[in-house]
Amino acid sequence: MKKTALIFFSLIFIASFGQNKLNKSKGELNSGGANRNQSSASYSSSTGSSKSKSSGGDNILGGVIADIFIYTTYGVFKYGFIGDYKNEDHLYSDLTKYPYYNGKSGNFENSDTLLISKNKARLDIENSFVYNSSSLFGNHLKAKIRPFQYFYLQTDFHQLFEINKIDTTANRLSLFQFNLNYDRIRLEKFNFGWNLGATYVGNEVKKAGFAYGLNAEYFMGNRISFMAAAKWSRINSLPVNTYELQGKFHRKNYFFSLGLEHLKIATPSYNLVALGAGIYF
């Protein structure tokens with residue numbers, strides 16, 4: 001009896017150990033939203049008839065409320081997210097050739113700076129090795145296409161690997177992020193902005209979701225800068241979020257980086273150390 005129980009619990013342990021985090025993330029993303037979608041559909045069908053019987057309310061009052069909402073929303077979007085180009089001089093800051101090209105400026109510099117030729121476009125490429133343990137590691141490739149100083153396009157590609165030590169098999173997860181970024185604040189030593197786009201998980205999932213986020217970078221002395229970024233999205237009603245905290249040491253038009261990354265993919269979370277390098281073109 002004892003021998004049978006020992007074998008039974010050993011099999012449970014092996015089975016639970018074999019269910020690695022990447023498989024769990026992919027499995028949940030494939031099926032996580034089914035129940036919620038069914039419940040919301042049933043709720044809509046049960047309440048639809050009662051709503052159809054209710055009155056539409058006062059059309060005049062509804063129109064006034066709608067106008068107030070539209071005006072308020074427009075004001076918040078324009079001045080909160082875009083900025084006032086008539087009164088905020090920093091919005092006209094020029095894009096630099098690369099951070100610290102003149103020993104002091106970050107991504108932007110004052111528009112009245114005397115230069116022979118203004119930089120009009122830039123390409124930033126960065127690659128990092130991300131590490132959690134000998135059984136969980138990967139790579140993070142990042143590219144920023146800056147056509148001018150007003151906005152830029154960013155693509156992130158995470159490739160995670162997890163080794164199952166029981167049977168030495170490898171599992172992987174591919175995470176893609178595509179975003180339009182806008183720097184709301186463009187100072188010489190500091191920039192802060194937001195982004196909108198999409199997140200896509202490949203492999204066995206092959207699903208995408210709307211994404212949004214925030215990012216900031218501060219440039220201090222000695223050619224050192226610090227960057228923080230967060231992106232939130234949902235796929236099949238489950239979170240797919242990424243967080244970064246990174247320090248960079250700049251040398252001419254290239255840099256070295258060291259940081260931390262936290263990924264939330266469905267229920268599992270991943271804490272990773274990131275070591276990388278990048279270059280500006």
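To be clear, the structure that these remarks concern was listed above.
Residues numbered from 1 in each chain as written. Predicted model: local features only at pLDDT ≥ 70, side-chain atom pairs only at ≥ 80, totals over all residues. Heavy atoms only, no water.

**Notes on the overall build of the protein chain**
- A tally of regular secondary structure across the protein chain gives four helices and twelve strands.
- Taking all 281 residues of the protein chain together, the buried fraction comes to 37%.
- When the accessible surface of the protein chain is split by element, carbon and sulfur atoms take 66% of a total near 16200 Å². (Helix = DSSP H or I, 4+ residues; strand = E, 2+ residues; numbered from the N terminus. Buried < 20%, exposed > 50% of the residue type's maximum accessible area, 1.4 Å probe, protein only. Areas by Shrake-Rupley, 256 points an atom, 1.4 Å probe, with all protein chains shown as cover.)

**Regarding a nonpolar patch on the surface**
- Taken together, the side chains of Ile 145, Phe 148, Phe 151, Leu 153 and Leu 180 present a nonpolar region at the surface, about 410 Å² in accessible area.
- As for its placement among the helices and strands, Phe 151 is situated in the loop between strand E4 (136–146) and strand E5 (152–164). (Patch = residues over 30% accessible without salt bridge, like charges linked within 9 Å, V, L, I, M, F, W, Y side chains within 5 Å. Salt bridge = Lys/Arg side-chain N within 4 Å of Asp/Glu carboxyl O.)

**Focus: the sheet that holds strand E12 (residues 269–280)**
- Taking strand neighbours around the barrel as the criterion, the ten strands line up as E3-E4-E5-E6-E7-E8-E9-E10-E11-E12 in a closed arrangement whose pairing is antiparallel. Shown here is a sheet whose adjacent strand axes are inclined to one another by a mean of 20°, direction ignored.
- Pairing of strand E7 (residues 190–201) with strand E8 (residues 207–219), which is carried by twelve bridges, proceeds in the antiparallel orientation. In the strand pairing of E8, Leu 196 is matched with Tyr 212. (Pairing = 2+ DSSP bridges. Axes fitted to C-alpha atoms, helices over the stretch in contact; angles between N-to-C directions.)

**Some points on empty space enclosed by the protein**
- The final tally for this structure, using the stated rule, is four cavities of 30 Å³ or more.
- Taken together, 16 residues make up the lining of the largest cavity; nearest its centre are Lys 144, Tyr 152, Gln 154, Asn 215 and Met 227.
- Of all the secondary-structure elements, those providing two or more residues to the lining of the largest cavity are E4, E5, strand E6 (169–186), E7, E8 and strand E9 (224–235).
- Along the lines of polarity and charge, the residues of the lining of the largest cavity split into four nonpolar, six polar and six charged.
- In this model, the second largest cavity occupies a volume close to 90 Å³.
- Looking at the second largest cavity, it is lined by 13 residues, and the ones nearest its centre are Asp 124, Glu 126, Lys 144, Lys 248 and Tyr 280.
- Elements represented by at least two residues in the lining of the second largest cavity include exactly strand E3 (122–133) and E4.
- In terms of residue class, the lining of the second largest cavity is made up of four nonpolar, one polar and eight charged. (1 Å grid on protein atoms, 1.4 Å probe; cavity = no way out; pocket = protein on both sides within 12 Å on 5 of 7 lines; lining within 4 Å. Points joined across faces, edges and corners; volume = space filled by probe spheres on them. Nonpolar A, V, L, I, M, F, W, Y, C, P; charged D, E, K, R; others polar.)

**Focus on helix H2 (residues 21–31)**
- Among the residues of H2, those classed as buried are Leu 22, Ser 25, Lys 26, Glu 28 and Leu 29. Along the long axis of H2, the arc covered by the buried residues comes to 165°, so they all point the same way.
- Looking at where H2 begins, the residue whose side-chain oxygen comes 3.4 Å from the main-chain nitrogen of Leu 22 is Asn 20. (Arc of directions from axis to C-beta. Polar contact = N/O pair within 3.5 Å; in protein donor to acceptor, adjacent residues only side chain to side chain.)

**Some remarks on the pattern of salt bridges**
- This model, assessed by the stated rule, comprises eight salt bridges.
- Here Arg 122 makes a salt bridge to Asp 124, at a shortest N to O gap of 2.9 Å.
- Given a relative accessible area of 3%, Arg 122 falls into the buried group.
- Judged by its relative accessible area of 8%, Asp 124 is buried.
- Between Glu 217 and Lys 248 there is a salt bridge, and its shortest N-O distance comes to 3.6 Å. Here Glu 217, found in strand E8, pairs with Lys 248, found in strand E10 (residues 238–251); they are 31 residues apart in sequence, far enough to count as distant.
- Note on Lys 248: relative accessible area 7%, which makes it buried.
- One network of salt bridges, in which partners are shared, links Arg 122, Asp 124 and Arg 146.

By themselves, these figures tell us nothing about what the structure is for.
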